[in-house]
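Below are the chains, spelled out letter by letter.
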Amino acid sequence: MSGATETAEIPITVDFSGGLEMLFDNQRRHSVSLPAVDANGKPATIAFLIDYLCKNLMQDPRAELFVLDNHIRPGILVLVNDADWELEGEEAYEIQPRDNILFVSTLHGG
Amino acid sequence: MEGDVESQPVADGTTAATDSVANGCSRRLTDDEFDRYSRQMIVPGMGKEGQLRLINSRVLVIGAGGLGCPAAQYIAGAGVGTIGIIDNDVVEASNLHRQVGHATSRIGMKKVDSLITHLKELNPLPTYVPYPFQLTPQNAADIISKYDLVMDCTDNPVTRYLISDVCVLVRKPLVTAAAIQKSGQLTVLNCPPTPQGLVDSEYAPCYRCCFRKPPPPSSMVSCGEAGIMGPVVGMMGVAQAGEAIKILASALHMPVAKNVGDNNTPEKNLKQPTLLIYTFDLESAVGPYSFRALKMGGRKRNCFACGENSTLTLEGIKTGNPDYVQFCSAPAPVVSLAPEERITAAAYHAAKEKGELPDHLLIDTREKEHFSFGSIQGAINVPFGKLLMKAAAIKRDGGPATEILPAEAVKSNTPIFVVCRTGSDSQETVEKFKELGLDNGGKRRIVDIVGGMKAWKQEVDPTFPYI
Ligand SMILES: [Zn+2]
């Protein structure tokens, strides 16, 4: 927050659960150094993170299991530090250092 | 422990005056009840009052499977007075590793009857009500309105949205859980239930508030396909019972009194419920993220079911509005193979037996765990996910398309047959191969085996270990 430079990165952890880990090398937790600003110089938001994950972290080509029409697909909950992202502003939430972002697929089996 | 409790019986009757809070259900416990429930009644906060509330409660368990068995066992053991159970399935051997309310001796029996047999043995005191059929938009409201609390122990989104919508309209608290493979989820909704259309941060959300839209069907797999670890679904079912017992024994589902200036019960109001998620990691012991408690949002102003301008009604539901099946299905990827690109399992087998297929390749796209139990002779396993990954890499990096094929198949124009588990991945695989040009402009046949290994078992080899 103290006059960050253009090259700054934000260290965060990104978790996947409910089967989404399959799309990310079967790893539930990833440490990510996210560029602090997007291509337009705007602060990194969750929308930017989602795009970044698709381009840099996803191993599986089935991107439609994660995003649909450039948004997170229906049936995936996004949690910012363990709270539903709607409490934080959804895609517009600006990512802070050491945030934990969790993507959970809604389950239906039983 | 044993002697301790018996030697200091709770002075029955001393709390009679306060028991009336639970709908005037004050009465003495019978000796049987007293013996049976003593260990939970002495838990702080439970007491005779909590026990009587349980005895006077009615709980509906929807689904008598991996969630419903443990959920029903624990509420029956705890003494919930009336327990309704809905399910139209019959017990199969493959259920028993997780559906612990059934038994080997009851394979083939209706699950509802099997589970009630077990529950009566566990505790004969409750009244058990069997519903050996499916919950439908037509019967849901009549059944659900007879109960105080609903446990969603089903296995599909169509029923989950139906249950929640009816619970909103007939105002019942809903304890919902789900599990698949190595993950489980649990949450309490609509508790206490508040009328549709009242949107204020004071009110608890419904299932649709938390899970606005179902995932596209293509991203969903059933326990039959993906597998399920018994303790994962069992833990969720037990936790459902725990939540139900808490809610009923403490009357958390009773509407919060209004205009009383009563600010000392905010914790009782689940206006922002917690979603518990459990992940069972086969590669490590209980890790720091095995259990997580996530904070969900409250009731949504624009919720289709409980929100401000909701048009959802019981009459509408009965007459097919909304259409739950359509809501939960998405336009499936259109795969339209020509008739000559498809062959039945029986026809493939016959052609092979007659020597009409001397040189061909059979690719089995099931997951390797499925493949490991058995396969058609000569089949080569290329799991569907890996195959898609390779196909994407070839498209992106432009390597030779034949890289996707096993080495022995690179020889051109050898026909390729594709088989999967139930017949849909194989069709997509045929499409993908054609997209990559592996049909050599039509010179190489690429054929889908209709209905997958499921059809193989039905049409060719009844002893095949199909999972
Ligand atoms: Zn709602």
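Predicted model, so just to flag it, every value in this text is computed and none were measured.

What counts and what doesn't
Residues numbered from 1 in each chain as written. Chains lettered and ligands numbered in written order. Predicted model: local features only at pLDDT ≥ 70, side-chain atom pairs only at ≥ 80, totals over all residues. Heavy atoms only, no water. UniProt positions renumbered as here; feature names shortened; annotations may be inferred. Helix = DSSP H or I, 4+ residues; strand = E, 2+ residues; numbered from the N terminus. Contact = heavy atoms within 4.5 Å. Buried area = accessible area lost by both parts, 1.4 Å probe. Salt bridge = Lys/Arg side-chain N within 4 Å of Asp/Glu carboxyl O. Polar contact = N/O pair within 3.5 Å; in protein donor to acceptor, adjacent residues only side chain to side chain. Nonpolar A, V, L, I, M, F, W, Y, C, P; charged D, E, K, R; others polar. Domains from an automatic or database assignment. Core = buried A, V, L, I, M, F, W, Y, C linked by side-chain atoms within 4.5 Å. Buried < 20%, exposed > 50% of the residue type's maximum accessible area, 1.4 Å probe, protein only. Axes fitted to C-alpha atoms, helices over the stretch in contact; angles between N-to-C directions. Parallel < 35°, antiparallel > 145°, perpendicular 65-115°, else oblique. Left-handed = near helix turned anticlockwise from the far one by under 90°. pLDDT = per-residue confidence, 0-100. Disulfide = S-S within 2.5 Å. Expected span 1.5 Å × (residues − 1).

Draft legend 1. Seen up close, the UniProt feature "binding site: Zn(2+)" (unreviewed entry) in chain B. All names here are of chain B. Mapped onto this numbering, the UniProt entry annotates "binding site: Zn(2+)" (unreviewed entry) at C206, C209, C303 and C306. A compact arrangement is adopted by the annotated residues: their sequence extent is 101 residues, whereas the largest C-alpha distance between any two is 8.6 Å. Following the sequence through the fold, C206 ends up in the loop between β6 (183-189) and α9 (207-210). Setting aside chain neighbours within four positions, we find C206 in contact with S164, V168, L189, C303, A305 and C306. With respect to the secondary-structure elements, C303 resides in the loop between β8 (291-295) and α12 (314-318). Residue contacts for C303: discarding those within four places in its chain leaves C206, R208, C209 and S310.

Draft legend 2. Geometry of the interface of chain A and chain B. Taken together, the contacts link 32 residues of chain A with 47 residues of chain B. With both chains or domains summed, chain A and chain B bury close to 3,000 Å², and 58% of this area falls on carbon and sulfur atoms. Viewed at the interface, chain B and chain A are joined by four salt bridges. The partner of E86 of chain A in a salt bridge is K300 of chain B, with the nearest N and O atoms 2.7 Å apart. Put simply, chain A and chain B have 14 residue pairs in polar contact (both at pLDDT 80 or more) between them. Among the secondary structure elements, those contributing two or more residues to the side of chain A that touches chain B are β1 (9-17), β5 (76-80), β6 (83-84) and β7 (100-105) of chain A. Residue composition of the side of chain A that touches chain B, grouped by class: eleven nonpolar, eleven polar and ten charged.

Draft legend 3. Just the domain arrangement of chain B, in detail. Taken as a whole, chain B is organised into domain 1 (20-327) and domain 2 (339-459). The straight-line distance from the C-alpha centre of domain 1 of chain B to that of domain 2 of chain B is 43 Å.

Draft legend 4. Spatial organisation of the nonpolar core. Residues and elements named next belong to chain B. Counting residues in hydrophobic clusters, the biggest one holds 41 residues, and the most contacted among them are V61, I75, I85 and M151. Those residues in contact with I75 that sit more than four places away from it in its chain are V59, V61, V80, I83, M151, A241, A244 and I245. Grouped together as the second largest cluster of nonpolar side chains are 40 residues, I62, V166, C210 and L275 included.

Draft legend 5. Layout of the UniProt feature "modified residue: 1-thioglycine" (unreviewed entry) in chain A. Residue and element names in this part refer to chain A. With numbering aligned to this structure, UniProt lists the feature "modified residue: 1-thioglycine" (unreviewed entry) at G110. Mapped onto the secondary structure, G110 falls in the segment after β7. Exposure remark for G110: the relative accessible area of 10% places this residue in the buried category.

Draft legend 6. How the structure looks around the packing of helix α3 (residues 31-41) of chain B against helix α4 (residues 47-55) of chain B. Residue and element names in this part refer to chain B. Contact geometry of α3 with α4 gives a least axis separation of 10 Å together with a crossing angle of 120°. As summarised for this structure, α3 and α4 are arranged oblique, according to the angle between their axes. Considering only the axes of α3 and α4, their crossing is right-handed. Here α3 contributes E33, Y37, Q40 and M41 to the contact with α4, which in turn contributes G47, K48, Q51, L54 and I55. Across the contact of α3 with α4, the residue classes break down as four nonpolar, three polar and two charged.

Draft legend 7. Region of interest: the packing of helix α16 (residues 384-397) of chain B against helix α17 (residues 425-435) of chain B. Residues and elements named next belong to chain B. Two elements in contact, α16 and α17, have axes whose closest approach is 11 Å; the angle formed by their N-to-C orientations is 20°. One way to sum up the angle between α16 and α17 is to call them roughly parallel. The handedness of the crossing between α16 and α17 is left-handed. Every residue of α17 that contacts α16 at F384, L387, L388, A391 and K395 is listed here: D425, E428, T429, K432, F433 and E435. A breakdown of the residues in the contact of α16 with α17 according to their chemical character gives five nonpolar, one polar and five charged.

Draft legend 8. How the structure looks around the side chain of T187 of chain B. Residues and elements named next belong to chain B. Relative to the elements of secondary structure, T187 occurs in strand β6. The class for T187 is buried, based on a relative accessible area of 3%. In terms of polar contacts, T187 uses its side chain to reach the backbone carbonyl oxygen of T274, at 2.9 Å. The residues contacting T187, other than those within four sequence positions of it, are L174, V175, T176, P273, T274 and L275.

Draft legend 9. A look at the confidence of the model for chain B. Residue and element names in this part refer to chain B. Here chain B shows a mean pLDDT of 86. Residues at 70 or above account for 87%. Between residues 1-22, whose pLDDT stays under 50, and residues either more than four places distant or in other chains, the model counts 24 contacts. Low confidence marks residues 259-267, where pLDDT is under 50. Its contacts with residues over four positions away, or in another chain, come to one contact. With a pTM of 0.78, the predicted complex shows an ipTM of 0.87.

Draft legend 10. Here's a closer look at the state of the cysteines. Residue and element names in this part refer to chain B. Tallied over the full model, the rule gives zero disulfides over all chains. For the unlinked cysteine C191, the closest cysteine sulfur is that of C167, found at 11 Å. C191 gets classed as buried once you look at its relative accessible area, which sits at 0%.

Draft legend 11. How the structure looks around helix α6 (residues 111-122) of chain B. Residue and element names in this part refer to chain B. Relative to the 16 Å expected for twelve residues at 1.5 Å per residue, α6 spans 16 Å between its end C-alpha atoms, a close match to the ideal helical length. Those residues of α6 that fall on the buried side of the exposure criterion are K111, V112, S114, L115, I116 and L119. Residues of α6 that are buried make contact with α5 (68-78), β2 (82-86) and β3 (127-131).

Draft legend 12. Seen up close, the environment of Q196 of chain B. Residue and element names in this part refer to chain B. Following the sequence through the fold, Q196 ends up in the loop between β6 and α9. For the pair Q196 and G307, spaced 111 residues apart in the sequence, the C-alpha separation amounts to 6.5 Å. A distance of 2.8 Å separates the side chain of Q196 from the side chain of S310, its partner in a polar contact.

Draft legend 13. Structural detail: the pattern of salt bridges. The full count for this structure, using the stated rule, is 20 salt bridges over all chains. Between R212 of chain B and E90 of chain A there is a salt bridge; the shortest N-O distance is 3.9 Å. Here E90 of chain A lies in the loop between β6 and β7 and R212 of chain B lies in the loop between α9 and α10 (223-226), a pairing that spans two chains. Of the charged contacts, one joins E49 of chain B and R53 of chain B as a salt bridge, the two residues approaching to 3.1 Å between their closest N and O atoms. Residue E49 of chain B and its partner R53 of chain B are located together in helix α4, separated by four residues, close to a single helical turn. Since its relative accessible area comes to 25%, E49 of chain B is described here as partly exposed. It is possible to trace a salt-bridge network through shared partners that takes in D15, R29 and D82 of chain A together with R292 of chain B.

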